[in-house]
Amino acid sequence: MSVHATTETTSESEIIAQAETALSDIADIRSEIGNVIFGQEDVIQNAIVSILSGGHALLVGVPGLAKTKLVDTLGTVLGLDSGRIQFTPDLMPADILGSEVLEEDEDGKRHFRFVKGPIFTQLLMADEINRASPRTQSALLQSMQEYHVTVAGKHYDLPAPFHVLATQNPLEQEGTYPLPEAQLDRFLMQIDISYPQIEAERQILLDTTGMNAAVAKPVISSTRLQELQTLVRRMPVPESVVEAILELVRAARPGTGTETTDRHVAWGPGPRASQSLMLCARARALYQGRYAPSVDDVRALAEPILQHRMALTFAARAEGMTVPTVIAGLVGTLE
């Protein structure tokens, strides 16, 4: 089996040794989060995979499905300084980034001082992100891609690591705005959250309505998290996985010779989707206790990584087609 070469000089034995230690840390992380968040194993997995990959994630679901609690728990368990922004229609860019204020010193001289906004944190929870206007959404683009902000012509670096976990209500709900395509592409994956199974909901009722509700505890530090993120980028990738990623992403673009895509898809994913699949496949393998990703990781991650990077034609929507249905058909063709 040929393996895609990494640019790092770390030997294979060193990577395996680091991975063995990482597996123990990740097992502790999973256990601690499982003490607070019941059910939703796939949601927890994808959220952690997003952070291990160094990216941002979009959590989509109706209110009341513990999206906020999941983000709070992740911040605590991963040792990250966290902040929260409640998005509303009247939220302005300065409310997120910060602004300059005019101050006067003891000598009577006036000067501007930059007051940092809530975006200056390691884990930003953007709650109900699609309730703010497109103008405010654009304020996040630079920070999500370049990890700094520009205010009054000056650059201000954000803390490292920096992650945005945004919650989004379904677009059919009143008072929501579709996120711009450029911003959606900055999210590593879209994680759909559904209603819990009955046993999980039973446990929620019993464990969260008494006097002794479980509280998450820190497991690792932000420095250790950065080490895990570096390890993910050093993991070897089999050539079969590289080919599966290229085949899947290119097949999702109209005009590439895929009949279903040409008929139903208006626009498809760009190269950032391929990069996301490569990183997340590595992180998912590590999360599940493996030292290298497989094509099964690509299949499992196809929907959360591609669905927010594709749009259907009007005719396809009229026929009742959905983006997940199209992706499922493409995944079925992977060898």
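Refer to the structure printed above.
Note that this is a predicted model, so its numbers are computed, not measured. (Residues numbered from 1 in each chain as written. Predicted model: local features only at pLDDT ≥ 70, side-chain atom pairs only at ≥ 80, totals over all residues. Heavy atoms only, no water.)

S.K.: Talk me through the nonpolar core; I want residue IDs and the actual numbers.
M.R.: Ranked by size, the top nonpolar core spans 72 residues in total, and within it Leu74 and Leu248 carry the most contacts. Sorting elements by how many residues they give to this core places helix H11 (residues 271-287) first, with 9 residues. Excluding its chain neighbours within four sequence positions, the residues that come into contact with Leu248 are Leu277, Val298, Ala302, Leu306, Leu330, Val331 and Leu334. (Core = buried A, V, L, I, M, F, W, Y, C linked by side-chain atoms within 4.5 Å. Buried < 20%, exposed > 50% of the residue type's maximum accessible area, 1.4 Å probe, protein only. Helix = DSSP H or I, 4+ residues; strand = E, 2+ residues; numbered from the N terminus. Contact = heavy atoms within 4.5 Å.)

S.K.: Requested: an account of the sheet that holds strand S3 (residues 82-86), with residues and values cited.
M.R.: If you walk across this open sheet you meet the 5 strands as S3-S6-S9-S2-S10, and the pairing is parallel. Looking at strand neighbours, the two that pair on one side only are S3 and strand S10 (187-192), the edges of this open sheet. With direction set aside, neighbouring strand axes in the sheet form an average angle of 20°. As paired strands, strand S6 (residues 123-127) and strand S9 (residues 163-168) are joined by 4 bridges and run parallel to one another. Residue pairing for S9: Ala126 is matched across the bridge by Ala166. Its contacts with the sheet put helix H3 (residues 67-77) on strand S2 (56-60), S3, S6 and S9, and the angle it makes with S6 is roughly 175°. (Pairing = 2+ DSSP bridges. Axes fitted to C-alpha atoms, helices over the stretch in contact; angles between N-to-C directions.)

S.K.: How would you sum up the pattern of salt bridges? Please name residues and give values.
M.R.: Tallying each qualifying case throughout the model produces 12 salt bridges. Note that Glu128 and Arg131 form a salt bridge whose closest N and O atoms lie 3.3 Å from each other. The exposure class assigned to Arg131 is buried, which follows from its relative accessible area of 18%. Residue Asp297 is joined to Arg290 by a salt bridge in which the shortest nitrogen-to-oxygen separation is 2.7 Å. Through salt bridges that share partners, Asp25, Arg224 and Glu227 make up one connected network. (Salt bridge = Lys/Arg side-chain N within 4 Å of Asp/Glu carboxyl O.)

S.K.: Describe in detail the packing of aromatic side chains, supporting the description with residues and values.
M.R.: Enumeration over the complete set of coordinates arrives at 3 aromatic pairs. Judged by centre distance (4.1 Å) and plane angle (20°), the rings of Phe114 and Tyr156 are stacked. With a gap of 42 residues between them, Phe114 in strand S5 (residues 110-116) and Tyr156 in strand S8 (residues 154-157) connect regions that are remote in the sequence. By relative accessible area, Tyr156 is classed as buried at 18%. Geometrically, the ring pair formed by Tyr147 and Phe162 is edge-to-face, given 6.2 Å between the ring centres and 85° between the ring planes. Residue Tyr147 is found in the loop between helix H5 (134-146) and strand S7 (148-151), and its partner Phe162 is found in the loop between S8 and S9; the two are separated by 15 residues along the sequence. (Phe/Tyr/Trp six-rings, centres within 6.5 Å; stacked < 30°, edge-to-face > 60°.)

S.K.: Which residues make up the environment of Ser276, and what values go with them?
M.R.: Take Ser276: it is sitting in helix H11. Here Ser276 is in contact with Leu188, Ile305 and Arg309, once residues within four sequence places are set aside. Here the side chain of Ser276 touches Arg309 through a polar contact of 3.3 Å, side chain to side chain. (Polar contact = N/O pair within 3.5 Å; in protein donor to acceptor, adjacent residues only side chain to side chain.)

S.K.: Which residues make up the packing of helix H9 (residues 239-251) against helix H12 (residues 295-306), and what values do they have?
M.R.: The N-to-C vectors of H9 and H12 enclose an angle of 30°; their axes lie 10 Å apart at closest approach. One element, H9, and the other, H12, form an angle in the roughly parallel class. Like other packed secondary-structure pairs, H9 and H12 cross with a definite hand, here right-handed. Seen from H9, the contacting residues are Ser240, Val241, Ala244, Ile245, Leu248 and Val249; seen from H12, they are Val295, Val298, Ala302 and Leu306. (Parallel < 35°, antiparallel > 145°, perpendicular 65-115°, else oblique. Left-handed = near helix turned anticlockwise from the far one by under 90°.)

S.K.: Could you give an account of H11, with specific residues and numbers?
M.R.: Between its first and last C-alpha, H11 extends 24 Å over 17 residues, near the 24 Å set by a 1.5 Å rise per residue. Counted residue by residue, H11 has 14 buried out of 17 residues, so it is predominantly covered. At the exit of H11 stands Gly289, carrying a positive phi of roughly 90°. (Expected span 1.5 Å × (residues − 1).)

S.K.: I'd love a proper account of the pairing of S2, names of residues and values included.
M.R.: In terms of residue burial, S2 counts as a mostly covered element, since 5 of its 5 residues are buried. Here S2 shows no split at all, with His56, Leu58 and Val60 on one side and Ala57 and Leu59 on the other all buried. Pairing analysis gives 5 bridges linking S2 to S10, with the strands arranged parallel. Considered in S10, the bridge of Val60 is made with Asp192. Inspection of the sheet shows S2 paired to S9 by 4 bridges, in the parallel sense. The partner of Leu58 across the bridge, within S9, is Ala166.

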